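Commentary on secondary and tertiary structure
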Amino acid sequence: MQGSPEFTTLRGLWRHMARNKLGLVGLGMLVLAVLTAVFAPAIAPYDPYAPVKITIDDIYAAPSQTHLLGTDDAGKDVLSNFVYGSRVSLIVGFFASFISIFIGGLIGIVAGFYGGWTETILMRFTDIMLVIPDLPLAVVLVALTKPSLLNIIFVIGIIGWTGTARLVRSQTLSVKERKFVLRARAIGAGRPYIVRRHILPMVLPLMVANTVLVISLAILEESTLSFLGLSDPTVVSWGQMLNYAFTRGAMSAGAWWALVPPGFGIVWVVLGCTLLGHGMEQVLNPRLETHHLAVGKGMVARRKETAAQ
Amino acid sequence: MSGYRYLLNRLGWAVLTILFVIVLNFFLFRILPGDPARAGIRDPRLTREAVEAIRVRFGLDRPVINCFESLNPLRFGDCAVNPLQTQFFIYISNLLRGEFGFSYHSNRPVIDLLVERLGNTVLLIGAGEILAILIGLTIGVIAAWKVRTPVDYSALVSSLVAWSLPTFWLGIILLFIGSREFNLPIGGKATPGGGFTSSWEYYRDIGRHMILPTLTFTIVFVGEYMLIMRSTMIEVLSEDFILTAKAKGLRAFQTLKNHALRNSMLPMVTIIALNLGFIVAGAIQIETVFSWPGIGQLIYEAVGRRDYPVLQGAFMIIAVSVIFANLAADLLYSVLDPRVRAE
Amino acid sequence: MSMAAAASNRKADWSQTGLKMSGGRESAPLLLDVRNVTVEFVSPGNPPARAVEDVSFTLREGEMLGLVGESGCGKTTLMLSLLRLLPAAGRIVSGEIRYLGHDLLDLSESEMEDVRWKDISMIFQGAMNALNPVRTIGDQIREAILRHNSLPPREAINDRVRALLEMVGISPDRKDQYPHQYSGGMRQRAMIAMALSCNPQVLIADEPTTALDVMVQAQILELLDTLRHNLGLAVILVTHDLGVVAEICDSVLVMYGGVTAEYTGVDTVFNDPQHPYTRQLLAAFPDLSRSKEALRSIPGYPPRLDDLPPGCRFAPRCDLAFDRCHIEKPVLHRLGEFHQASCHLVEP
């Protein structure tokens, strides 16, 4: 990590982040999404879980004054579904990725720090898990168990740790060889101490940036699994909304209002995570992207010369 | 590592991974509540002949594996049992013979279903990949060349947005617009009730059905390829030999073509193959949305019907394909990079 | 033998095609006439950093100019400017770079591409990475030839490649090997072969021997010297090694902090240096004939480009500095027929 600023505290990271426009936009998008989820009952005009009496006209009704985003296949208000759906998507995304980060971080640090056979075995295992495709495995696991939110969180969590493990391990390896770690070991510091006081602080900022990207992947995964019908059908999530809309004739009914908003929500959150993640990466790894063929404004930029010789 | 040793090493590694997947597959479907073999016997949809066939084929009266009669770790069985007589070994020998069991839904051999559908998936994936690679790489090269100019920035933003789109949702939106505004087919591979007077008409019909799903596939993956090519290219263009090429008086285009491109392709080869996992995920979603009769849609249907033998078989095929693709990428990389081929 | 003596001795060794010192520098045709070149680097949000300021020198046929200075003094930047190879942030803000009378800075990029390698070529520091690892050496040399010559027959090109490799002491059979199959020294020699493939008049060698071990260094330098005598090549040798300069250079340009400290013949530099920096540089160089003395280094650090001192750039580290040095930048004073130094102390 030549040339990257040292962050010994997360506070240092924050100070640099505040100046990064890309990251701030992403953060803003995420904050908006989280606020929507938290204050869902206040924002949503209706309660999606309340039973409604409907007539045929209420199914896939176009947007109107009473239903700003129209109604879905069961006559429920799409806007309210959307607002409440953010909760599930975000909760599953966050918790699943925490599981992934935890597993990945643990494996990465242990492998990187202890080296030898431990590292070999752990990394080989990581390589195997990397090769096995995620979605088919997730589909199989969820299909074999009961479709519930907890299962989905768990399944996504135990599949998505491989990227983090590799990242953490390589970072641990580079930190391990730094002078201050060698000095600490020379004076007889115990391993857990070294991990806690030296390695962790240098690995954490990178993990934070990685976490954001893992969250975005988890949210995408959850929405896909829900769309494929592998989620709890009684819970409103964006993926589930799309599942119902797709399998229950929103297309032929021309009900774009049932199809666009949930996807838009997913894109919003994922894009927010991606921007934030990229912003963090720019801060952690500030590289001026340029190369030998890049043209500047003009290499020969002579101002009006004095009289020639 | 010399050429042959490298080959053996990678091959051995691939075999090990496949073994792992086989074992995983076996135990997953036995351990988890939906144990197909046992549940299968009780499943009312199966005919009596099929039940008997399952009993024999899977050896359900035999112990699962040495020392354990069932998968309950607390109940020991006979350790002296002939390992060849355990369910595990029967399972493996079945696999090797292409015996994947029978579909609960259709009672047809799983292997037949897989073979039928595989071609369709390959067709769709193939077309989409080729387009995504061509377009993605080209834009990536241009974006890298014109780094930090408006051209570059717009390419970057587009790619980030494309990456954030859920594949299935993009498919839905495109299908919505495509079927309404452009009169494109709403799904499937060909118009039902055919009536084509020539092969050409038939292929053209398939082509029309492929437009939207291929477009979806391309958009989803073009962003990723573009980003990877761009960053690889920028890295390569920062190498010293590029400055040498420039000092030699080579035109920018010549340098790009003769030096940068060749060196950038190496990582690209690996990336493309490593991407197969995501391609599969994309295929599952796209085939579902567009009712394209491939393995992806097979999985979707099997999930809906809890048709476990099909699910298990499809998972095996997919996992093994991805592993082999990775192996191929490894070997291809070693062939292309003279540094790895240390003679 | 001290360096000064070595430099003086060499005067007698020169062959006819070398620079004719006895007849004065003026007798050989003028190839490069660099006048008052100033180079800046821009970075967003900061004022531009001046890497090279108002530097001038000339180069004649057969002459080897030694460009000496610490890391970061602008030597490489100046050389890159000659071929307009600066990175995107670099700007040549004033001066002229006349090659055979024509100002290169007036050329379009396309015209400049024709000049590169054919008239002036360059070998870079650390040839380890200067060659493309996935193409053969022969291929890369061939590419240079094809670029600047209109379609010679294949056989002719192959012969030329072989001849070039042989000229630098590499077995011609190795032309189809890859860079990683060559040793470090061989790679540098291959670079030289490639640099000479289009018969340039000027060769810029930017620290060609850094990162090579001493034995190989000697070989490379000897090779450069021989080639120069045999081909009538003019060479600019960028180096921080004064011993090398004494051995093979004809003239010396000493740079410090982006400006010319001293510019004169090699003889004069070693026998009668006028700029304090030059003197300290010479004193700092270990001399076997005075092996009992302690090593003397120049205290302090080279100036940062974005934090240049007012007045003379060397003043903070100069042992002869007085008040005026810290306030006013010294002008380049002419001290003789071919001797310039920028120091207030030598003001006539």
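Residues numbered from 1 in each chain as written. Chains lettered and ligands numbered in written order. Predicted model: local features only at pLDDT ≥ 70, side-chain atom pairs only at ≥ 80, totals over all residues.

**A word on the overall build of chain B**
For chain B, the count of helices and strands is 13 helices and 0 strands. A buried classification covers 42% of the 343 residues belonging to chain B. Of the contacts formed within chain B by residues at least 6 apart in sequence, a portion of 69% connects residues at least 24 apart. (Helix = DSSP H or I, 4+ residues; strand = E, 2+ residues; numbered from the N terminus. Buried ≥ 20, exposed ≤ 12 C-beta atoms within 10 Å, placed from the backbone. Contact = placed C-beta atoms within 7 Å.)

**Quick word on the overall build of chain C**
From N to C terminus, chain C includes 11 helices and 12 strands. A compact globule built from 348 residues would reach a C-alpha radius of gyration of about 20 Å, and chain C, at 21 Å, matches this within 12%. C-alpha atoms of chain C, sized along the principal axes, occupy 65 × 50 × 40 Å. Across the 348 residues in chain C, those meeting the buried criterion constitute 45%. (Rg over C-alpha atoms; globule rule 2.2 N^0.38 Å.)

**Observations regarding the sheet that holds strand β1 (residues 30–43) of chain C**
Residue and element names in this part refer to chain C. Taken together, the 4 strands give an open sheet; going across it, the order is β2-β1-β4-β5, and neighbouring strands pair in antiparallel fashion. Edge positions in the sheet fall to β2 (46–60) and β5 (102–103), since each has one partner strand and no second. Contacts from helix α2 (residues 75–82) reach β1, β2 and β4 (90–99) within the one sheet, and its direction differs from that of β2 by about 70°. (Pairing = 2+ DSSP bridges. Axes fitted to C-alpha atoms, helices over the stretch in contact; angles between N-to-C directions.)

**Quick look at the interface of chain A and chain B**
With 36 residues of chain A at the contact, the number on the chain B side is 49 residues. Ranked by residue count, the leading element in the side of chain A that touches chain B is helix α12 (residues 256–284) of chain A, at 8 residues. Here the side of chain A that touches chain B is built from residues that sort into 25 nonpolar, 9 polar and 2 charged. (Nonpolar A, V, L, I, M, F, W, Y, C, P; charged D, E, K, R; others polar.)

**Comments concerning the pairing of strand β10 (residues 259–265) of chain C**
Residues and elements named next belong to chain C. Within β10, 7 of the 7 residues are buried, leaving the element largely enclosed by the surrounding structure. Pairing between strand β9 (residues 251–256) and β10: 6 bridges, direction antiparallel. Residue Met 255 lies in a different strand from β10, and its bridge partner there is Thr 260.

**Points about the sheet that holds β9(C)**
Residue and element names in this part refer to chain C. Ordered by their spatial adjacency, 8 strands build an open sheet running β6-β7-β8-β3-β9-β10-β12-β11, and the pairing between neighbours is mixed. Either end of the sheet is taken by a strand with one partner, and the two such strands are β6 (120–123) and β11 (333–336). On average, each strand axis in the sheet is inclined to that of its neighbour by 20°, with strand direction left out of account. With respect to the sheet, helix α6 (residues 184–195) is in contact with β6 and β7 (202–206), its orientation differing from that of β6 by roughly 170°.

**Some thoughts on helix α9 (residues 240–247) of chain B**
The buried count for α9(B) comes to 7 of 8 residues, which makes it a mostly enclosed element. When α9(B) is considered as a whole, its buried residues turn out to be Phe241(B), Ile242(B), Leu243(B), Thr244(B), Ala245(B), Lys246(B) and Ala247(B). Lining the buried residues of α9(B) we find α8 (199–237) and α10 (252–274) of chain B together with β6 of chain C. Just beyond α9(B), the residue with positive phi is Gly249(B), at close to 90°.

**Regarding the interface of chain B and chain C**
Tallying the contact residues gives 18 residues for chain B and 21 residues for chain C. Elements represented by at least two residues in the side of chain B that touches chain C include exactly α9 and α10 of chain B. No other element matches α9(B), which puts 6 residues into the side of chain B that touches chain C. Among the residues forming the side of chain B that touches chain C, the class breakdown is 5 nonpolar, 5 polar and 8 charged.

**Structural notes on the nonpolar core**
The biggest cluster of nonpolar side chains holds 252 residues, and the ones touching the most others in it are Ala138(A), Val139(A), Ile299(B), Leu311(B), Ala314(B) and Ile236(C). Setting aside its immediate chain neighbours within four residues, Ala314(B) contacts Leu114(B), Ile295(B), Leu298(B), Ile299(B) and Ala302(B). (Core = buried A, V, L, I, M, F, W, Y, C linked by C-beta atoms within 7 Å.)

**Notes on helix α2 (residues 21–38) of chain A**
Between its first and last C-alpha atoms α2(A) spans 25 Å; for 18 residues at 1.5 Å apiece the expected length is 26 Å, and the two agree. All of the buried residues in α2(A) are Gly23(A), Gly26(A), Leu27(A), Leu30(A) and Thr36(A). (Expected span 1.5 Å × (residues − 1).)

**With respect to the environment of Ala18(A)**
Turning to its location among the elements, Ala18(A) is positioned in the loop between α1 (10–17) and α2. In this structure the C-alpha to C-alpha distance between Ala18(A) and Gly279(A), which are 261 residues apart in sequence, comes to 10.0 Å.

**Quick notes on unusual backbone geometry**
One non-glycine residue, Ser291(B), adopts positive backbone phi at about 50°. One can find Ser291(B) in the loop between α11 (276–290) and α12 (295–305). On the basis of neighbour counts, which here come to 16 C-beta atoms within 10 Å, the residue Ser291(B) falls in the partly exposed class. In the Ramachandran plot, Leu151(C) falls in the positive-phi region, its phi being about 35° despite a non-glycine side chain. Along the chain, the position of Leu151(C) falls in the loop between α4 (137–148) and α5 (154–167). For Leu151(C), a count of 8 C-beta atoms within 10 Å translates into the label exposed.

**Regarding the confidence of the model for chain C**
All names here are of chain C. With 90% of its residues at a pLDDT of 70 or more, chain C has an overall mean of 84. Looking at the elements of chain C, mean pLDDT is at its lowest for helix α1 (residues 3–10), recorded as 53, and at its highest for β6, recorded as 94. Long-range and interchain partners of residues 10–24, a stretch whose pLDDT sits below 50, account for 16 contacts in this model, where long-range means more than four residues apart. Predicted complex metrics record ipTM = 0.86 and pTM = 0.79. (pLDDT = per-residue confidence, 0-100.)

**A short note on the pairing of β9(C)**
All names here are of chain C. Within β9, 6 of the 6 residues are buried, which leaves the element mostly enclosed by the surrounding structure. Residues of β9 alternate between two faces, with Ser 251, Leu 253 and Met 255 on one and Val 252, Val 254 and Tyr 256 on the opposite face, all of them buried. The pairing of strand β3 (residues 64–68) with β9 spans 4 bridges and is parallel. Bridged to Gly 66 within β9 is Val 252. Joining the antiparallel neighbours β9 and β10 is a turn of 2 residues, in which Gly 257 adopts a positive phi near 55°.

**Here we look at the packing of α2(A) against helix α4 (residues 78–114) of chain A**
All names here are of chain A. Where α2 meets α4, the closest approach of the two axes is 8 Å, and the angle between their N-to-C directions is 110°. Put simply, α2 runs roughly perpendicular to α4. The crossing of α2 and α4 is left-handed. Each of Ala 33, Val 34, Thr 36 and Ala 37 in α2 lies in contact with α4, whose residues at this interface are Val 83, Ser 86, Arg 87 and Leu 90. By residue class, the composition of the contact of α2 with α4 is 5 nonpolar, 2 polar and 1 charged. (Parallel < 35°, antiparallel > 145°, perpendicular 65-115°, else oblique. Left-handed = near helix turned anticlockwise from the far one by under 90°.)

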